[in-house]
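# An overview of the molecular structure
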Amino acid sequence: MTALLRAELGRIRSRRMTWIIAAIAVGLLALIGYGIATAAAPPSAAEQQRAEQAYQQSKADFEQHGDRMRQDCLDAQTQQRTTDPGADFGCDRIEPPMREHFGKPTPEFSRLWSSAQSPATVFLGFLALLVGGSWVAAEFTTGSMATWLTYEPRRTRVFLAKILATGIAVAGGAVALTGLLLAVTRGAFAVHGVAVELDHNAVVDVWLGAGRMVAFPVLTALGGAALAFLVRHTAAVIGIAIGAIVVDQWAAAQLQDKARWTLFNNVLGFVDGRWQFHYARCAQDAAARYGCESVEETIWFAQAAAVLGGLVAVGLVLAWWQFRRRDVV
């Protein structure tokens, strides 16, 4: 089995498509890295000057009209409380403007990393699906699978070797790309002389995000490989994946609270660690008045991991079952 796995890894490494997808992944991360560097850059002299002018103008306006603003707020609140006793317009929280509220805020490492990690993980997940799907499907379309089985006729060993090789290869690439993105983010702060301040919770969040950035491409690569064993064509794998997303998004708009079980919502729950989605809940009250309210629900990582992991596991079992019983030509 070790020799078979080593051979599969060598074949993945020698494929042109593998390196094309790797180059695309590096290019996408370069674009994300450029966005990080731009966000971490300190404001220019002109931006600082405009921010200071805006602050001084706002300060002067508040000194001149602040008392009137508070009084107008209190009057409006008093009027509203004649019909809604609990109305609170926050009049006591009207305060003079503060300089730090104007201009570009100081960047935070954990926030910038999170904003970069999520889209990067989704991109890498899709590319990993292409790696797994195209690698296995090409074995069928070129006839290599039939030739390979003449050397190793035990199909379960061949199946496991291909699945393990796909997971290992994608995991290695995902680790390297995640490390690259972390290094780019840290380097952007160092180049611009911005201090990186992380408390314990922020450090945990950063590393958990990095872990998800590795785990998600591995899941999608295994899913793509399983799908390729079932349909045996790269184009079919891509078409099914895109079609599933389109149908899933339409279904999510119709299912309201049950949208928590749709595919893409769980993908976002996995990638972000948690995902909040909204839907309209409409009903008739006791006075026969019909109305709708916006409801927010959260999909946590545990649920998302269970849903996606379960789908991949079922796909792998079906792929193994069909591979053992179906002709390869």
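Scroll up to find the structure.
This write-up is about the structure you can find in this document. (Residues numbered from 1 in each chain as written. Predicted model: local features only at pLDDT ≥ 70, side-chain atom pairs only at ≥ 80, totals over all residues. Heavy atoms only, no water.)

## Details of the overall build of the chain
To be explicit about the condition: Working definition: helices are DSSP H or I runs of at least four residues, strands are E runs of at least two. Numbering for both runs from the N terminus. We call two residues in contact whenever any of their non-hydrogen atoms come within 4.5 Å of each other. A 1.4 Å probe and the Shrake-Rupley method give the accessible areas. Residues count as covered only by the protein chains that appear here.
Within the chain, the regular secondary structure consists of 10 helices and two strands. The order of α-helices and β-strands along the chain, N terminus first, is α-α-α-α-α-α-α-α-α-β-β-α. Nonlocal contacts in the chain, meaning residues at least 24 apart in sequence, comprise 77% of its contacts between residues at least 6 apart. Carbon together with sulfur atoms contributes 62% to the accessible area of the chain, which is approximately 18,800 Å² in total.

## Digging into helix 4 (residues 109-141)
Under the convention used in this document: Helix span, as expected, comes to 1.5 Å for every residue beyond the first.
Its 33 residues place the ends of helix 4 46 Å apart at the C-alpha level, agreeing with the 48 Å of an ideal helix rising 1.5 Å per residue. Just past helix 4, the residue Gly-143 takes up positive phi, approximately 85°.

## What about the environment of Phe-323?
To keep it simple, the criterion reads: The cut-offs for exposure are 20% and 50% of the maximum accessible area for each residue type, with area from a 1.4 Å probe on protein chains only; residues under the lower value are buried, those over the upper are exposed, and the others partly exposed.
Its place among the elements puts Phe-323 in helix 10 (residues 301-325). Judged by its relative accessible area of 1%, Phe-323 falls in the buried class. Distance from Phe-323 to Val-158, taken between C-alpha atoms, is 9.8 Å for residues 165 residues apart in sequence.

## Thoughts on the side chain of Glu-297
As a reminder, the rule being used: Under the rule applied, a polar contact is a pair of N or O atoms within 3.5 Å (in protein, one hydrogen donor and one hydrogen acceptor; residues adjacent in sequence only if both atoms are side-chain atoms).
As for its position among the elements, Glu-297 is in strand 2 (residues 290-300). Side-chain polar atoms of Glu-297 contact the side chain of Arg-260, separated by 3.1 Å. If near-sequence neighbours (up to four positions away) are discounted, Glu-297 is found in contact with Asp-257, Arg-260, Trp-275, Gln-276, Phe-277 and Tyr-279.

## A few points about the packing of aromatic side chains
Selection rule: Ring pairs shown here join Phe, Tyr and Trp side chains whose ring centres sit within 6.5 Å, with only the six-membered ring taken for Trp; geometry is labelled stacked below 30 degrees between planes, edge-to-face above 60, and tilted in between.
Within this structure, the stated rule accounts for seven aromatic pairs. A ring pair is formed by Phe-159 and Phe-323, whose centres lie 6.4 Å apart and whose planes are at 35°; its orientation type is tilted. Here Phe-323 lies in helix 10 and Phe-159 lies in helix 6 (residues 155-191), a separation of 164 residues in the sequence. The burial state of Phe-159 is the same as that of Phe-323; both residues are buried. With centroids separated by 5.9 Å and ring planes inclined at 45°, the aromatic side chains of Phe-216 and Phe-270 adopt a geometry described as tilted. Here the residue Phe-216 occupies a position in helix 7 (residues 200-231), and Phe-270 occupies one in helix 9 (residues 263-272), the gap between them amounting to 54 residues.

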